[in-house]
Protein chains: 2
Amino acid sequence: VPDRLIQALEAAVGERHVLTDAAMTSGYDVDWTGRFRGRSRAVVRPRDLEQVAAVVGACREAGVAVVPQGGNTGLVGGSVPLAGEVVLSLRRLDWLDPVDALACQVTAGAGTSLAALQRHVDASGLAFGVDLGARDSATVGGMAATNAGGLRLLRYGAMRAQVVGVEAVLSDGTVIRHLGGLTKDNTGYDLAGLLCGSEGTLAVITALRLRLVPRYDERVVALLSFSGVRAALDAVAVLRTTLAALEAAELFFEDGLALVCDQLGLRRPFARAYPVYLLVECADRVDPMPLLAAAVEQLAAEDVAVAADGPRRAELWRYREAHTEAINALGPPVKLDVTLPGAALEAFVGEVREVLRTVCPEGRCYLFGHAADGNLHVNVAGAPAEATEVEDVVLNLVASMGGSISAEHGIGTAKRGWLHLNRSKEEIALFATIKRALDPDGILNPNVLLP
Amino acid sequence: VPDRLIQALEAAVGERHVLTDAAMTSGYDVDWTGRFRGRSRAVVRPRDLEQVAAVVGACREAGVAVVPQGGNTGLVGGSVPLAGEVVLSLRRLDWLDPVDALACQVTAGAGTSLAALQRHVDASGLAFGVDLGARDSATVGGMAATNAGGLRLLRYGAMRAQVVGVEAVLSDGTVIRHLGGLTKDNTGYDLAGLLCGSEGTLAVITALRLRLVPRYDERVVALLSFSGVRAALDAVAVLRTTLAALEAAELFFEDGLALVCDQLGLRRPFARAYPVYLLVECADRVDPMPLLAAAVEQLAAEDVAVAADGPRRAELWRYREAHTEAINALGPPVKLDVTLPGAALEAFVGEVREVLRTVCPEGRCYLFGHAADGNLHVNVAGAPAEATEVEDVVLNLVASMGGSISAEHGIGTAKRGWLHLNRSKEEIALFATIKRALDPDGILNPNVLLP
């Protein structure tokens, strides 16, 4: 059967685009964190919708599961093979239609990288509402499948809020397509919304109709320091209600900043250290500096650095964005992405370090995240590779405080065992009902999401 | 069997809340337009979640279908019984939790009217993002089930964009509940989004966690007149890109305005008549008048009336909102709610009257709608009660121009026969697959949405 499958795949996409040699497939077999690794039966690289449909059809016929993969930048093992699945790479579907300036929308192939999309729409004086650090590799299809959030969610929402229409291949090879881009269109179930965040378990997304937002060229970034988490969160609340132009409010801590400066040889932003930092960005048609300056006056910030020109803005952003790189340099970290209710976030920051000490005294815990959404990325460096206990105590603490065990990364392989912390058995049964209905043979990304 | 069902329903909700007498059920058996009318086996009025679950369970056991009904203000026959179904009225589930000011959210029972919700959140200095004319009767559960749009969609989106979490009863009586209100929460399929717009066919919504928006007390309304549709749409495009505070942009025409003034005895807004009118509203923390005035300067408006104080604003709104009342006074109209792509809207306005003349020369066609979304309400007064031909030519024209046959009202009973104009057979088959999975016995609102 396997050989016949390989032949069918080669017939579908051409021999060159069916990779079976371990040297060729290894980049597809392991995730970005290095924690999730398997071995694919084959990596298949279709170039268009028809080829995707043919690949799915061939795999279904052979009874072999398919793992759809975009930029493979996910952090929960959601796009790697575990047990001989076929990896269906969507990266060659990287076409972009001309921007529809009247509708403020664009249609993109699922394999288009976020950076390519951003460049494309920038030329039309528009922008895309979601931005994230992995922009050069992450694909819009993968971002939709995981309902990616990122740096601007407080202003524009997550991927689901950007997706106006979808084209996808169902588990039996059927194609559904609804890319007309009408924003008011109550003609049936919200298939696009259902596929967003379904982590490749219900269909393979091949194209997206995406809404665009105005491109704001007047930007100001400010780095603020605070005596504690509460003061920083209070500041975010003030900024949100007074600055319509607020686009990002990123939280990090002294230990993370120190690590970043140390690892990357950066100059520290302020003469002295503070417990908590907040990086905010405003963007507007007119210079947001006066309004931002007035708002900052009202805050209990200890120290402030403001940047208006591009290079200086990038310097301030670097303190936040380099966290991932700096932490990774300590070895593969355990990465957990969680949401806390606003009222519980401060307590969580205190308690998470304590509970980690009980199970992993050698681990170093770095926190950073998106303050306005209660979204923290918990990174534990120096934990053992099999760090189930670390995950367990953190996720249980989150759930006990009314939080979500996955803010924006999804469940993937990593968190399947903890889904019950957030979802009742009735909800999980309903997920399984939907999964069975759309993928009765269980061939679409069978290792993720459902327990 | 029927008698045993009535007994079971009475046991579930109490005798007083099971209506079987035609005099008592008649208000539930006919829709607001008067076009869709049936006879229910019983109208059941549960007061809470447990009673709803018991009612659904009893009906399923008896093999009798259930029609969930909120305020019964829908316009597509989506909430009336056709063939002896049980009407499940949610209106008694009209509780409201205290506003969560930190999260800017509130949890509401499905039977809460929009007006009650608005009053409740107003006291907290917040507002609800969706507003519509039927606010005194429409319930939040019905609005979610139909993904209602309304007057402020251009600023805040439709109901689906407001629903952060949902509680619902599935067809087998199972309860699902996810009302924690975390805005970043990627833990499984988007059940809330799936139920929004599902028209009661997948589950009975019993409670909603709703996002709130800032309450803007500084409001300005302007009525603008134009020489034609193109000029009005160009004006909307300018206003959208220059006024972040723009909240509504409503389009109507001279014939509608004349009818409104005539029927309601209103004074005309301008000394002379113009072909097209645009009603715009801006709302902000600070007086939006200067920005609106500057923007209006750029427009090709023929005449302008501006109102800042409440009573004058209401007067201008009356010209738009009284369309429904004035048209209804001519007899039950055929009401069709459609979206056109921006580029096709002007042509549609011209052509729709022509195609109507071919099938219904005695009909009078009134158009009004939400200009920014391409959403037009086509009202045909004086058409015969069985107006299939009228619907057919209008919906076919819409589809031929790339539009949607249902912008915000949903498919209901009214448009089932035309769903294929917007949705491929593969999509409709997928809808049916989802429906069968969640409601294998077909007891939830079986007369709507699916052909």
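Per-chain numbering applies: the sequence of each chain, read as written, is numbered from 1 onward. Chains and ligands are labelled by the order in which they are written, letters from A for the one and numbers from 1 for the other. Totals for whole chains, interfaces and linings use all residues, but because this is a predicted model, local features are given only for residues with pLDDT of at least 70 and pairs of side-chain atoms are given and counted only at 80 or more. Think of the side-chain values as coming from all heavy atoms in the structure, minus any hydrogens and water.

S.K.: How should the overall build of chain A be read in this particular structure?
M.R.: Note on conventions: DSSP H or I runs of at least 4 residues are helices, E runs of at least 2 residues are strands, and numbering of each starts at the N terminus. The number of helices and strands found in chain A is 15 helices and 17 strands. The C-alpha radius of gyration of chain A comes to 22 Å, within 12% of the 22 Å expected for a compact globule of 451 residues. With respect to the three principal axes, the spread of C-alpha positions in chain A is 65 × 55 × 45 Å. For the exposure calls, accessible area comes from a 1.4 Å probe over protein chains only, and a residue counts as buried if that area is under 20% of its type's maximum, exposed if over 50%, partly exposed in between. Per-residue burial for chain A yields a buried fraction of 60% across its 451 residues. For chain A, the share of sequence-separated contacts (at least 6 apart) that also reach a separation of at least 24 residues comes to 73%. Areas reported here follow the Shrake-Rupley algorithm with a probe of radius 1.4 Å; residue values treat only the protein chains shown as occluding. Only carbon and sulfur atoms are counted for the fraction: they give 50% of the accessible area of chain A, which is about 16,200 Å². In this count, Lys and Arg are taken as positive residues and Asp and Glu as negative ones, while His and the chain termini are left out. By convention, charge coordinates are those of NZ in Lys, CZ in Arg, CG in Asp, or CD in Glu. Placing the 42 positive and 54 negative side-chain charges of chain A at their respective mean positions leaves the two points 2 Å apart. Every radius of gyration here is taken over C-alpha atoms, with the globule rule written as 2.2 Å times N^0.38, N being the number of residues. In this analysis, two residues are considered to be in contact whenever any of their non-hydrogen atoms come within 4.5 Å of each other.

S.K.: Just to check I follow, could you spell out the environment of B:A65 for this structure?
M.R.: All names here are of chain B. Position of A65 among the secondary structure elements: in the loop between α3 (49-62) and β3 (66-69). Take A65: its relative accessible area is 14%, and that puts it in the buried class. The spacing of A65 and A83 is 18 residues in sequence and 9.2 Å in space, taken between C-alpha atoms. Excluding its chain neighbours within four sequence positions, the residues that come into contact with A65 are E85, V86, I443 and P446.

S.K.: Please clarify how the packing of aromatic side chains should be interpreted in this entry.
M.R.: The geometry of an aromatic ring pair is captured by the separation of the ring centres together with the interplanar angle, meaning the angle of the planes. All names here are of chain A. Put simply, two rings from Phe, Tyr or Trp (the six-membered ring, in Trp's case) pair if the centres are within 6.5 Å, and we call them stacked under 30 degrees between planes, edge-to-face over 60, tilted for the rest. For the coordinates displayed, the defined rule picks out 10 aromatic pairs over all chains. Summarising the aromatic geometry, the rings of F270 and Y277 are spaced 6.3 Å apart at their centres and angled 10 degrees between planes, so their arrangement reads as stacked. You'll find F270 and Y277 in the same group, each marked buried. Ring geometry for Y274 versus Y277: centroids 6.5 Å apart, planes at 80 degrees, classification edge-to-face. Accessibility classification places Y274 together with Y277 in one group, the buried group.

S.K.: It is not clear to me how the interface of chain B and chain A should be interpreted in this structure. Could you clarify?
M.R.: How big an interface is tends to be expressed through the accessible area that disappears when the partners come together. Opposite the 62 residues of chain B that make contact, chain A presents 62 residues. Taken over both partners, the interface formed by chain B and chain A buries close to 4,800 Å², and the fraction arising from carbon and sulfur atoms is 62%. Put simply, buried area is the surface a 1.4 Å probe can reach on two separate parts but cannot reach once they are joined, added for both. Three residues, B:K184, B:N186 and B:Y189, lead the burial of chain B against chain A; their summed loss comes to 22% of the area buried on that side. In what follows, salt bridge is the name for a side-chain nitrogen of Lys or Arg lying within 4 Å of a carboxyl oxygen of Asp or Glu. At the junction of chain B and chain A, the tally comes to six salt bridges. Between A:E408 and B:K184 there is a salt bridge, and its shortest N-O distance comes to 3.1 Å. In protein, a polar contact requires one atom able to donate a hydrogen and another able to accept it; more generally it is a pair of N or O atoms within 3.5 Å, and residues adjacent in sequence count only if both atoms are side-chain atoms. Taken together, chain B and chain A are joined by 32 residue pairs in polar contact (both at pLDDT 80 or more). Contributions of two or more residues to the side of chain B that touches chain A are made by β8 (175-178), α7 (191-195) and α14 (425-438) of chain B.

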